[in-house]
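Residues per chain are reported as follows:
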Amino acid sequence: MAEIKLAAQVRTEFGKGAARRARRAQQVPAVVYGHGAESVHITLPAHELQLALRTANVLIGLELDGKDALVIPKAVQRNPLKGDIEHVDLLTVKRGEKVNVEIAVHVEGDLAPGGNLLEYVQNTLLVEAEATHIPESVTVSVQGLDAGASILAKDIPLPKGSVLAGDEDAIVLQVVAPQAEEPAAEGAEEEGAEA
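Quick summary incoming for the structure in this document. (Residues numbered from 1 in each chain as written. Predicted model: local features only at pLDDT ≥ 70, side-chain atom pairs only at ≥ 80, totals over all residues. Heavy atoms only, no water.)

## Overview of the overall build of the chain
A tally of regular secondary structure across the chain gives three helices and 14 strands. What you see for the chain is a C-alpha radius of gyration of 23 Å, clearly larger than the 16 Å of a compact globule of 195 residues, by over 25%. For the C-alpha atoms alone, the extent of the chain along its principal axes is close to 75 × 50 × 25 Å. Within the chain, the proportion of its 195 residues that are buried is 33%. Across the chain, the fraction of contacts at a sequence separation of at least 24, relative to all contacts at a separation of at least 6, is 63%. On the chain, roughly 12,000 Å² of surface is accessible, and the fraction owed to carbon and sulfur atoms is 48%. Across the chain, 17 positive and 30 negative side-chain charges occur, with their mean positions spaced 19 Å apart. (Helix = DSSP H or I, 4+ residues; strand = E, 2+ residues; numbered from the N terminus. Rg over C-alpha atoms; globule rule 2.2 N^0.38 Å. Buried < 20%, exposed > 50% of the residue type's maximum accessible area, 1.4 Å probe, protein only. Contact = heavy atoms within 4.5 Å. Areas by Shrake-Rupley, 256 points an atom, 1.4 Å probe, with all protein chains shown as cover. Lys, Arg positive; Asp, Glu negative; His and termini not counted. Charge placed at Lys NZ, Arg CZ, Asp CG, Glu CD.)

## Focus on the sheet that holds strand S10 (residues 124-130)
What the four strands build is an open sheet, ordered S11-S8-S10-S13; its pairing is mixed. Edge positions in the open sheet fall to strand S11 (137-141) and strand S13 (163-164), since each of these has one partner strand only. Here S10 pairs with S13 via two bridges, running antiparallel. In the sheet register, glutamate 128 faces S13, and the bridge partner there is valine 163. (Pairing = 2+ DSSP bridges.)

## Things to note about the sheet that holds strand S3 (residues 27-34)
Paired through backbone hydrogen bonds, the strands of a sheet run either parallel or antiparallel to each other. Taken in spatial order, the seven strands make up an open sheet running S1-S5-S6-S7-S3-S4-S2, and their pairing is mixed. Single-partner strands in this sheet number two, and they are strand S1 (3-7) and strand S2 (9-10). Bridging between S2 and strand S4 (residues 37-45) involves two bridges; their strand directions are antiparallel. Residue pairing for S4: valine 10 is matched across the bridge by isoleucine 42. Contacts from helix H1 (residues 16-24) reach S3, S4 and strand S7 (85-93) within the one sheet, and its direction differs from that of S3 by about 120 degrees. (Axes fitted to C-alpha atoms, helices over the stretch in contact; angles between N-to-C directions.)

## Focus: unusual backbone geometry
The phi dihedral of glutamine 26 falls on the positive side, at around 60 degrees, and the residue is not glycine. When you line up the elements, glutamine 26 lands in the loop between H1 and S3. A relative accessible area of 53% places glutamine 26 in the exposed class.

Next up, the structure:
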């Protein structure tokens, strides 16, 4: 995984007014925490941060007051209407350190014939991986699966260096048969019309 460098500035003003001023100046308020250190409130350039967060579990190298720090995003708050980033929580990590992250589950292949439907019970998997080698996603084959089949978390092959951190017996994907409409609904409408 590539590391993205961002220049950060320490925030000295807090509250809604200060956050609005920062956003108008194309900056995003953020907080950096982890490893027992005191939280540091910073601002980051909005456009560069938006581009960096396009990649899930991105590793960000912060340049802050002449020091470098590695962080990963833990929580991203977005404006519900515009989609702009309003605030980010960043977790400090070290090279070689293991972290728990959620990675996306993708599928490949075709289900068995018959109009079956694939249901995502979970669209992410919780895995433990080295902070500098976090996988972006896992791919699962559903080729030929028929109604009633399910794929558990422990059945999904993980990338090298990653181990499952969540419940291994959790259902991630399942194949369900198509539901037919009940003909009884027509009879109920006719009875209501006669009354």
